[in-house]
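# Coordinate inspection notes
Chain by chain, the residues:
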Amino acid sequence: MIRTHVMICGGTGCTSSDSPKIAEAMEQEIVKLGLQDEVKVVRTGCFGLCAMGPVMIVYPDGTFYSRVKVSDVPEIASEHLLKGRIVERLVHRDDEAGEKVEVPTLKDIEFYKPQLRVALRNCGVINPENIEEYIAMDGYSALGKVLTEMKPEEVIDLVTKSGLRGRGGAGFPTGKKWLFASFNKTPHKYVVCNADEGDPGAFMDRSVLEGDPHAILEAMCIAGYAIDAHQGYIYVRAEYPIAVHRLQIAIKQAREYGLLGKDIFGTGFDFDIDVRLGAGAFVCGEETALLTSIEGNRGEPKTKPPFPANKGLFGQPTIINNVETLANIPQIILKGAEWFASMGTEGSKGTKVFALGGKINNTGLVEVPLGTTLRQIIYDIGGGIPDGKAFKAVQTGGPSGGCIPAKFLDLPIDYENLKSIGAMMGSGGMIVMDETTCMVDVARFYLDFTVDESCGKCVPCRIGTRRLLEMLDKITSGNGTLEDLDKMEELCHYIQANALCALGQTAPNPVLSTLKFFRDEYEAHVVEKRCPAGVCKKLLHYEIDPDKCRGCTACARKCPVNAINGVVKQPHVIDQAKCIKCGTCMDTCRFGAISKK
Amino acid sequence: MKSLEELAAIRNKMKDKVALREKEGDIRIVVGMATCGIAAGARPVLNAFVEEVSKQHADNATVTQTGCIGMCRLEPIVEVFEGGKERVTYVKVKPAMVPRIVKEHILGGRPITEYTIGAAE
Ligand SMILES: Cc1cc2nc3c(=O)[nH]c(=O)nc-3n(C[C@H](O)[C@H](O)[C@H](O)COP(=O)(O)O)c2cc1C
Ligand code: SF4
Ligand code: SF4
Ligand code: FES
Ligand code: FES
């Protein structure tokens, strides 16, 4: 009988750092030691600790090994699996006040402790390619309950009471969406899962699909029953090959077990699901563009109304929900609306998954109750800013979101609070910025993205965002005027009011929020022609301090464009006309004589 | 899937198999598995515990191993830790003793003194 499970992460992050090879090697070692009837290797989805990957957890003790290499496998097998001695050298360590503290089990590490896993509850816990493991975690019992004990309107009512809101960005109440679709009595309706996940830096939906694909299938079936639909589509980007593969396996298994298809649980209810691949355009995540794309047309948004709940896919009533939204559904059915509503804030119930990245010690996936403060996420879970640098801002909501300054660190995060300060929940990207980040440059980065991703259908977005980007370019190269700042703001409001879809309507957010909270940085660029963070290349120059320079010639030899002149043992000088501001000389000088101004 | 009973059957069959990842057992059964323990036959003992705990549904117990406990001549050694109680150490454990330990001690709460270190010394 199996006494030990070795969980090895098979998520995208760890797969790219060789976890499949580690799993194979481990299986071979286990056979070599004759432990194959006692120890089993389980390939899981993402644990959310991708930066510490490849990740391995050994149960029942729960020992957590991070950054495992193929060459470590024999030692773990013979020491830990055979002799029961933990390999201390590989046990994860938390950074506590500069000291590395050993943390033997997953649930004790700082990154995990404050988290509350609902949508991610099975990620890293089960083998996503085995439907029976999902069933063991009460999988498909919510569907069973709904089909045998509840009327469709009771299901909708329960979802409404739970207070669940869409996790795809806009935060629309899920129960209400289902209710609207249920009103339309037509023979063909659809349930669509939005797994496009286009925000740069976001990967929570990918992790759910990779780690717990059956939860999405089950939720879609439940939604189908609630609105009387019999066909579902999952729209997922082709750049997520592991997620697509696991979804396909899950669908196949669910069909074999009769959990998809005809007459599910002998109740006469039919439902099936197919996967549709997207090519990865950001705008295809917008619901109307997504539906057009499934129909086989170019993915361009349409005006709303009509809303998809009335006239969606193939002109039929359709509900479209985000992956994470759906991942909550089976739990809500099983544990009840009150349970779900007990987490979160007044207007935002439940938990939210964030992809924490940027200038932060622990990057990864974080699931916390709504209402958690930014400070808790960034400092308690994220472990703060590396290298003793100061926090400057956190960007939420991706290209549609805004930058939040330090004064809001104690603001409880929910849909309304973020909106009130010009940011957005978005899909849950959370990028931390430190003092070395230039906020004008950040705004420029996001605008650059939206200009590329605008579908071009409407003028305010196609041309407006381009003009905005040009103005930002002007400012970062030192040619901006104070008047430009006002013009920019005006243009932002114009785009917000006139773009056809939310891509255009929200594109100005990064500019507006930085203008509001970091206006002094803009003014430094415009008035003093200076980039306070030292990022905008055109506004900075490198200088050699003649008093500190020993004339060692090291910098002159490294400079790629021969911009540094000088004789041995004499102070050197940088020819500003030639210098391309690569910073190499500053890194090279051993006497600290070169500085960035 | 034609019925809820079928689903329940799969769930029950699988539950034991994944339980080991979730268990927050109040009782830990730790088998000494250093070289001397293995030589003295600790592996079959470990496996017997895993099997019995599952068979008798001792859901509050987890079975793990540890290295050398430092009393090689008394191996295989099994220690039972339970919150708030003194540790119980069984020595020279044989697979045949395991069902009784699980039944009377783990489930019944009565350590079997004749198997413990006190009796052997
Ligand atoms: C430009 C743009 C991109 C979007 N990308 C996504 C996406 O990648 N995933 C997603 O779930 N929703 C995305 N949305 C939101 C969807 O339009 C829609 O609101 C959402 O899928 C509804 O599901 P929910 O109510 O469960 O959140 C995007 C919206 C816009 C305007
Ligand atoms: S706002 Fe932008 S993305 Fe949306 S329809 Fe207009 S051009 Fe296309
Ligand atoms: S910054 Fe680069 S290009 Fe300029 S002087 Fe230094 S090494 Fe040369
Ligand atoms: S991919 Fe392994 S922890 Fe995220
Ligand atoms: S050559 Fe000027 S400091 Fe090195």
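Note that the structure is a prediction, hence the values are computed from the model and not measured. All residue numbers here refer to positions counted from 1 along the written sequence of the relevant chain. By the order in which they are written, chains take letters starting at A while ligands take numbers starting at 1. Whole-chain, interface and lining totals are the exception, using all residues; otherwise, since this is a predicted model, local features are given only for residues with pLDDT of at least 70 and side-chain atom pairs are given and counted only at 80 or more. Water and hydrogen atoms were dropped before computing side-chain values, which therefore reflect all heavy atoms in the structure.

Around ligand 3, the surrounding shell holds 13 residues, and the nearest of these are Cys559(A), Cys579(A), Cys582(A), Gly583(A) and Cys585(A). Lys, Arg, Asp and Glu make up the charged group, whereas Ala, Val, Leu, Ile, Met, Phe, Trp, Tyr, Cys and Pro make up the nonpolar group; the residues left over, Gly among them, are polar. Classifying every residue of the shell around ligand 3 gives 10 nonpolar, 2 polar and 1 charged. The cutoff for a nearby residue is simple: one of its non-hydrogen atoms must lie within 4 Å of the molecule or strand.

Residue and element names in this part refer to chain A. Summary of the burial criterion: residues with accessible area below 20% of their type's maximum are buried, those above 50% are exposed, and those between are partly exposed, where the area comes from a 1.4 Å probe applied to protein chains only. In this text, helices come from DSSP runs of H or I with a minimum length of four residues, and strands from runs of E with a minimum of two, each type numbered from the N-terminal end. Across the 5 residues of strand E11 (residues 318–322), 5 count as buried, placing the element largely inside the fold. Burial of the side chains of E11 extends over both faces: Thr318, Ile320 and Asn322 are buried on one face and Ile319 and Asn321 on the other. A pair of strands is labelled paired if DSSP reports no fewer than 2 bridges between them. Pairing of strand E7 (residues 190–195) with E11, which is carried by 5 bridges, proceeds in the parallel orientation. The partner of valine 191 across the bridge, within E11, is isoleucine 319.

Residue and element names in this part refer to chain B. In space, the 4 strands of this open sheet follow the order E2-E1-E3-E4, with mixed pairing throughout. Edge positions in the sheet fall to strand E2 (61–66) and strand E4 (88–90), since each of these pairs with one other strand and no more. On average, adjacent strands in this sheet sit at an angle of 20° to one another, irrespective of strand direction. In the packing of helix H3 (residues 42–55) onto the sheet, contacts are made with strand E1 (27–32), E2 and strand E3 (78–82), and the angle to E2 comes to roughly 165°. We call two residues in contact whenever any of their non-hydrogen atoms come within 4.5 Å of each other. Helix axes are fitted only over the stretch in contact, all axes being lines through C-alpha atoms; the angle between N-to-C directions runs from 0 to 180 degrees. Where helix H4 (residues 98–107) meets the sheet, its contacts fall on E1, E2, E3 and E4, and the angle it forms with E4 comes to roughly 175°.

Residues and elements named next belong to chain A. Across the sheet, 5 strands lie side by side as E13-E12-E16-E14-E15; this open sheet has mixed pairing. Every other strand in the sheet has two partners, leaving strand E13 (364–369) and strand E15 (402–405) as the edge strands with one partner each. Each neighbouring strand pair of the sheet contributes to a mean axis angle of 30°, computed without reference to strand direction. Relative to strand E16 (residues 429–434), strand E14 (residues 391–396) is paired through 5 bridges, and the arrangement is antiparallel. Paired with glutamine 395 across the two strands is isoleucine 431, which belongs to E16. Of the strands in this sheet, strand E12 (351–358), E13 and E16 are in contact with helix H8 (residues 204–211), which crosses E12 at around 115°.

All names here are of chain A. Around ligand 1 there are 18 residues in total, and Gly168, Lys177, Asn321, Asn322 and Thr325 lie nearest to it. In isolation ligand 1 offers 610 Å² of accessible surface; the protein chains occlude 91% of this area. Elements supplying a minimum of two residues to the shell around ligand 1: E11 and helix H19 (502–506). The element contributing the most residues to the shell around ligand 1 is E11, with 3 residues. Accessible surface is estimated by sampling points in the Shrake-Rupley manner with a 1.4 Å probe; for residues, cover comes only from the protein chains shown.

The rule for a salt bridge is simple: a side-chain nitrogen of Lys or Arg has to be within 4 Å of a carboxyl oxygen of Asp or Glu. Counted by the stated rule, this structure contains 45 salt bridges over all chains. We note a salt bridge from Asp138(A) to Lys15(B), for which the minimum N-O separation is 3.3 Å. One end of the pair, Asp138(A), is in the loop between helix H4 (131–136) and helix H5 (141–149); the other, Lys15(B), is in helix H1 (residues 4–22), on a second chain. On the basis of relative accessibility, which here comes to 33%, the residue Lys15(B) falls in the partly exposed class. Here Glu416(A) ties to Arg165(A) by a salt bridge, and the two come within 3.3 Å at their closest N and O atoms. Here the residue Glu416(A) occupies a position in helix H15 (residues 415–420), and Arg165(A) occupies one in the loop between helix H6 (152–162) and helix H7 (174–183), the gap between them amounting to 251 residues. Using a relative accessible area of 41% as the deciding quantity, one classes Glu416(A) as partly exposed.

Another aspect to go through is the interface of chain B and chain A. Counting residues at the interface gives 32 residues for chain B, matched by 45 residues for chain A. For any pair of parts, buried area is found by adding up, for both, the accessible area (1.4 Å probe) each one loses once the two are put together. Interface area for chain B against chain A, summed over the two sides, is near 3,100 Å², with a carbon-plus-sulfur share of 59%. Sorting the residues of chain B by area buried against chain A places Met1(B), Leu20(B) and Arg21(B) first, and these three jointly supply 25% of that buried surface. In this assembly, chain B and chain A are joined by 4 salt bridges. With its nearest N and O atoms 2.9 Å apart, the salt bridge here joins Glu132(A) to Lys13(B). Pairs of N or O atoms within 3.5 Å make up the polar contacts considered here, provided that, within protein, one atom can donate a hydrogen while the other can accept it, and that residues adjacent in sequence are counted only when both atoms are side-chain atoms. Applying the counting criterion to the chain B and chain A interface returns 10 residue pairs in polar contact (both at pLDDT 80 or more). Mapped by element, the contributors of at least two residues to the side of chain B that touches chain A are H1, helix H2 (35–39), H3 and E2 of chain B. Considering each element in turn, the side of chain B that touches chain A owes the most residues, 12 residues, to H1(B). Along the lines of polarity and charge, the residues of the side of chain B that touches chain A split into 13 nonpolar, 9 polar and 10 charged.

Residue and element names in this part refer to chain A. Boundaries between domains were set according to an automatic or database domain assignment. If you check the domain split of chain A, you get domain 1 (4–108), domain 2 (131–341), domain 3 (351–434), domain 4 (439–526) and domain 5 (541–596). For domain 2 versus domain 3, the separation of C-alpha centres amounts to 27 Å. Each partner contributes to the interface: domain 2 provides 16 residues, whereas domain 3 provides 20 residues. When the two sides are added together, the surface that domain 2 and domain 3 hide from each other amounts to roughly 1,400 Å², 55% of it contributed by carbon and sulfur. Remark: the boundary between domain 2 and domain 3 carries 2 salt bridges. Here glutamate 324 ties to lysine 352 by a salt bridge, and the two come within 2.6 Å at their closest N and O atoms. Between domain 2 and domain 3 we count 7 residue pairs in polar contact (both at pLDDT 80 or more) in total.

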